[in-house]
4 protein chains.
Amino acid sequence: MAGSVNKVILVGNLGRDPEIRQFPNGGSVASFTVATSESWKDRNSGERKEKTEWHRVAVFSEGLVKIVERYVKKGSKVYIEGQLETRKWTDNQGQEKYTTEVVLRNFGSTLTMLDGRDGPSGGRGVSEDGGSYGDSSPRQVDGPREDFSADLNDEIPF
Amino acid sequence: MAGSVNKVILVGNLGRDPEIRQFPNGGSVASFTVATSESWKDRNSGERKEKTEWHRVAVFSEGLVKIVERYVKKGSKVYIEGQLETRKWTDNQGQEKYTTEVVLRNFGSTLTMLDGRDGPSGGRGVSEDGGSYGDSSPRQVDGPREDFSADLNDEIPF
Amino acid sequence: MAGSVNKVILVGNLGRDPEIRQFPNGGSVASFTVATSESWKDRNSGERKEKTEWHRVAVFSEGLVKIVERYVKKGSKVYIEGQLETRKWTDNQGQEKYTTEVVLRNFGSTLTMLDGRDGPSGGRGVSEDGGSYGDSSPRQVDGPREDFSADLNDEIPF
Amino acid sequence: MAGSVNKVILVGNLGRDPEIRQFPNGGSVASFTVATSESWKDRNSGERKEKTEWHRVAVFSEGLVKIVERYVKKGSKVYIEGQLETRKWTDNQGQEKYTTEVVLRNFGSTLTMLDGRDGPSGGRGVSEDGGSYGDSSPRQVDGPREDFSADLNDEIPF
DNA sequence: TTTT
DNA sequence: TTTT
């Protein structure tokens, strides 16, 4: 299409440690959920209200997966720039389901740590060397999976 | 949560005329879908590939609903700024489903026409006076509905 | 213009305490500078490089000025959404100068604290009641000024 | 700095054809100005008001310079994502000046045509092959320049 | 279902 | 200097 833009910007905290999975072809994906919340005063009752929204995030960019592996964990506050993607899948009962995610691929995607203490400053110019980094490694799922998408969908309800 | 951001920016075209619904309490919602697409050259095959993503949009801001009613129709190119929201609902078979939408509420939400010919310049400072506007009115669903969310969910598969 | 967008998003830290000024007509403005920085590895030398950019910010939205007064101070990390504006002025030697600022007015502007400890969650739905809030009040410039813009320009070099 | 973001999003029209300059080292820059405008109804007088803002844009990303060369010209409507940079220079009278620009470098920068007729769909995955493209080539400044920044600053007043 |  |  001549000129379209698909961009999501989130600042929020991770609900759990990220999950990293290797693909048979060598690629990998980091997935996690991010909470954002709003609060407002109800017009009628005058009560303070709050609503939390959970966003499912999938990181496919190689450099950003490394950042996630080393620095991002449950509770981390992150700035994320990605794109919206909806994919169709079939659950165990044969029901068709749709899942919408914020996806970080190479171009125009960013992940920046906002916690201060740990981690690098920006998620783009990722240095390619490794190195552990304290003890905050994410929950690594061991080994390649084949039924990747069904597996992911079992765990998170949307 | 101390400091979160939930923002979606889309530039794309409407797949169909918007649908406007009145709520019993006087509010209204305009809903439509927006297509964005990307194209790239496949690394292996060298082929040109294209992928279109469909985004479900729901406009609750009173001023923006008016803009949509008057100026936005099938094929319109729009700039949209809203927030991601996922809601749970139950289909006719009693299955729980989740639908993720780009929602435009009052603050920080924008809808701007990018087609040039028709429409006002920006979706924020909406003048409160009415007036028809050519012949490009959207498909108006007549009258208030009670089972609003189930109804919407019948029509669009995600 | 049919469909234009002017938006700046910054995440960075304040270089100094904000400066608040009252206008004779009752309005006020909060101004401060925000640093963002990038680091990258130089392609030729392999050295780690870093560059800091300073952004001049002016907050005119009444609710956001209150937020700034109470919660924002030197070193605070903030998320800011505003618009770019360039204004012309004349310095003491009669030279014409141009200053570009990130301006926060009512619509679509946001300021969110990212420090965690202090402050409210979002800069939009600001409650209109007052209240001190610890000891972190910004450097308040006492009383209305008439030569507002020249005064500001004396202090910051761009 | 741990975690900063510097992002500008513009949708607007070019005031003139872009200017392309080659650097001695082989790089190039495309520069142009983009207009955005707002209109609102004055609270007191009830009059319709309009204000146009001019943004100076400098494109350093190699792929995006090609896009600009081929497709972007006076009057074109574009979507731009870049970062804010302020640089210091000295004019002919030895006066120090500051110029703030929206700069498009490699990562996270985008330029997308919104005019419909001409041009490719997105400014990121630029194909590296050439090709003229009708007659809409921008005003090409011939040959490399050495005093690049002074030269640019002569022409545009901020 | 849009658009190029 | 653009655009409506």
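All values reported here derive from a predicted model rather than from experimental measurement.

Peer 1: I'd love a proper account of the relation of the copies chain C and chain D, names of residues and values included.
Peer 2: Superposing chain C onto chain D takes a rotation of 180° plus a shift of 0.0 Å along the axis, which leaves an RMSD of 0.0 Å. The superposition of one copy onto the other is thereby described by a two-fold rotation axis. In terms of C-alpha distance to the rotation axis, chain C has C:Val8 as its closest residue, with the C-alpha 2.2 Å off the axis. The share of interface residues of chain C whose copies in chain D are also at the interface is 100%, consistent with both copies meeting through the same surface.

Peer 1: Give me the lowdown on the interface of chain C and chain D, citing residues and values where you can.
Peer 2: Listed as interface residues are 34 residues of chain C and, on the opposing side, 34 residues of chain D. Between chain C and chain D, a total of about 2,900 Å² is buried, with carbon and sulfur atoms accounting for 45% of that surface. Connecting chain C to chain D are two salt bridges. Taking the shortest distance from any N to any O, the salt bridge between D:Glu85 and C:Lys51 comes out at 3.3 Å. For the pair chain C and chain D, the number of links is 14 residue pairs in polar contact (both at pLDDT 80 or more). Mapped onto the side of chain C that touches chain D, the elements with two or more residues apiece are strand S1 (5-14), strand S3 (28-41), strand S4 (48-59), strand S5 (77-90) and strand S6 (96-104) of chain C. No other element matches the nine residues that S1(C) contributes to the side of chain C that touches chain D. Considering only residue class, the side of chain C that touches chain D consists of 13 nonpolar, 12 polar and nine charged. Pairing geometry for S1(C) and strand S1 (residues 5-14) of chain D, over seven bridges, is antiparallel. When the bridges of S1(D) are listed, C:Asn6 appears paired with D:Leu10.

Peer 1: Describe the pattern of salt bridges, naming the residues involved and giving the relevant values.
Peer 2: Tallied over the full model, the rule gives 41 salt bridges over all chains. Within the structure, one salt-bridge network assembled from shared partners comprises A:Lys7, A:Glu81, D:Lys7 and D:Glu81.

Thresholds applied
- Residues numbered from 1 in each chain as written.
- Chains lettered and ligands numbered in written order.
- Predicted model: local features only at pLDDT ≥ 70, side-chain atom pairs only at ≥ 80, totals over all residues.
- Heavy atoms only, no water.
- Least-squares fit on C-alpha atoms with pLDDT ≥ 70 in both.
- Contact = heavy atoms within 4.5 Å.
- Buried area = accessible area lost by both parts, 1.4 Å probe.
- Salt bridge = Lys/Arg side-chain N within 4 Å of Asp/Glu carboxyl O.
- Polar contact = N/O pair within 3.5 Å; in protein donor to acceptor, adjacent residues only side chain to side chain.
- Helix = DSSP H or I, 4+ residues; strand = E, 2+ residues; numbered from the N terminus.
- Nonpolar A, V, L, I, M, F, W, Y, C, P; charged D, E, K, R; others polar.
- Pairing = 2+ DSSP bridges.

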